[in-house]
Amino acid sequence: MRRSVREGIVGFSVIAAVVGFAGTMLWLRGERVLSKSWTVTADFQDAGGLAVRSPVTYRGIMVGNVTDIKVTPKAVRVSIEISQDDLQLSLPVQAAVASESLLGGDSQVALTSLGPPPQKNAPLPKSQRCKGQGVLCDGATIQGSESASLASITNSFQELLNQAKTEQLVPKLVGSTEQFDETLRDIELLATQLREDLAKAAPTIANLNEATAQAASASRHINSIVSAFDTPTTMTDLKQTVSNARSLTATFDEVGGDVEKLTADPQFMAAVRSVTIGLGQFFHELYPASTPDVAKP
């Protein structure tokens, strides 16, 4: 009985030693048993300033650190360990190497989620159904980029200056400025000419306005006359006047016909002449032109 107990104690001691040794080796290699952390890989073209244990942030909050950096012919591959197993990042996700300030400082990796917010039932990163659900999963690879720094801005500005010098942008800009000044002068001359033409055209415009006013007044008078005629009484009077004029014309035509008939009769015309001559002699004898003188005794 004592031997069995002794052997059992020895066996458990050996198992504990093996488990402890294995745990120690895993801890030295940076692995954690039953850990909540998960890892992703980011590929950078330039990861200057990054080092193992550099912080990893999301929206300014530290969520992990850099565990490994490997340089390959195509990129710098950085292993990132995220300590929050419930951190859900919608795809696409980018990683950028940034400094603590524009003037420099310790570098860090800043994660950015460019997709819409994940749904309520979205799987966690370490879930077996994570892949294909639109969220960043454990073991995924994301694209890295380099954020702006004072050195990168200075280099970009220097490249712009070199390009401007090569393409002679400054002389071209001076020439464009001179041409712009000439265009402005031409525009000012054209404006002056337009003002002079408008001043010359002012009397004509005034006459046109006056003629327009007179035409409007005449139109009002015509409208008044038309409105005066456009009454039942006026129309009745006009119709009666036209009818009377037609009757008078017919009467004149009849009288004229009779006169023509009389003047065409020779006997009638001879009688008229005889009566006229007799009346003339009668009025001559009745009212002589001069009275004869009476003889004095």
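Up top is the structure.
Computed from a prediction, not measured in an experiment: that's the story for all the values here. (Residues numbered from 1 in each chain as written. Predicted model: local features only at pLDDT ≥ 70, side-chain atom pairs only at ≥ 80, totals over all residues. Heavy atoms only, no water.)

J.: Just give me the short version of the pairing of strand E2 (residues 55–58), but keep the residues and values in it.
T.: Taken together, the four bridges between E2 and strand E3 (residues 61–71) define a ladder with antiparallel strand orientation. Paired with Val56 across the strands is Gly64, a residue of E3. Once E2 ends, the chain turns through two residues before running back antiparallel as E3, passing Arg59 with a positive phi of about 55°. (Pairing = 2+ DSSP bridges. Helix = DSSP H or I, 4+ residues; strand = E, 2+ residues; numbered from the N terminus.)

J.: Break down a negative patch on the surface for me, with residues and values.
T.: On the surface, a cluster of negative charge is contributed by Glu178, Asp181, Glu182 and Asp186. For Asp186, the position within the fold is in helix H3 (residues 169–229). (Patch = residues over 30% accessible without salt bridge, like charges linked within 9 Å, V, L, I, M, F, W, Y side chains within 5 Å. Areas by Shrake-Rupley, 256 points an atom, 1.4 Å probe, with all protein chains shown as cover. Salt bridge = Lys/Arg side-chain N within 4 Å of Asp/Glu carboxyl O. Lys, Arg positive; Asp, Glu negative; His and termini not counted. Charge placed at Lys NZ, Arg CZ, Asp CG, Glu CD.)

J.: Go over unusual backbone geometry with me, naming the residues and quoting the values.
T.: Going from Leu91 to Pro92, the amide bond is cis rather than trans, its omega being 0°. Considering the arrangement of structural elements, one finds Pro92 in the loop between strand E4 (76–82) and strand E5 (93–101). Of note in this structure, Arg53 is not a glycine but carries a positive phi near 75°. Summarising the element assignment, Arg53 is placed in the loop between strand E1 (38–44) and E2. Unusually for a residue other than glycine, Arg59 sits at a positive phi of about 55°.

J.: Quick rundown of the pattern of salt bridges? Include the residues and the values.
T.: Within the structure shown, the criterion is met by one salt bridge. Between Asp43 and Arg77 there is a salt bridge, with the nearest N and O atoms lying 2.9 Å from each other. With a gap of 34 residues between them, Asp43 in strand E1 and Arg77 in strand E4 connect regions that are remote in the sequence. Here Asp43 falls in the buried class, since its relative accessible area comes to 15%. Since its relative accessible area comes to 40%, Arg77 is described here as partly exposed. (Buried < 20%, exposed > 50% of the residue type's maximum accessible area, 1.4 Å probe, protein only.)

J.: Describe the nonpolar core, and please don't skip the residues or the numbers.
T.: Grouped together as the largest cluster of nonpolar side chains are 23 residues, with contacts concentrated most on Phe44, Ile80, Ile82, Val109 and Leu111. Within the residue set of this core, elements represented by two or more residues are E1, E2, E3, E4, E5 and strand E6 (104–113). Discounting chain neighbours no more than four positions away, the residues touching Ile82 are Lys36, Ser37, Trp38, Val40, Val63, Gly64, Leu87 and Leu111. (Core = buried A, V, L, I, M, F, W, Y, C linked by side-chain atoms within 4.5 Å. Contact = heavy atoms within 4.5 Å.)

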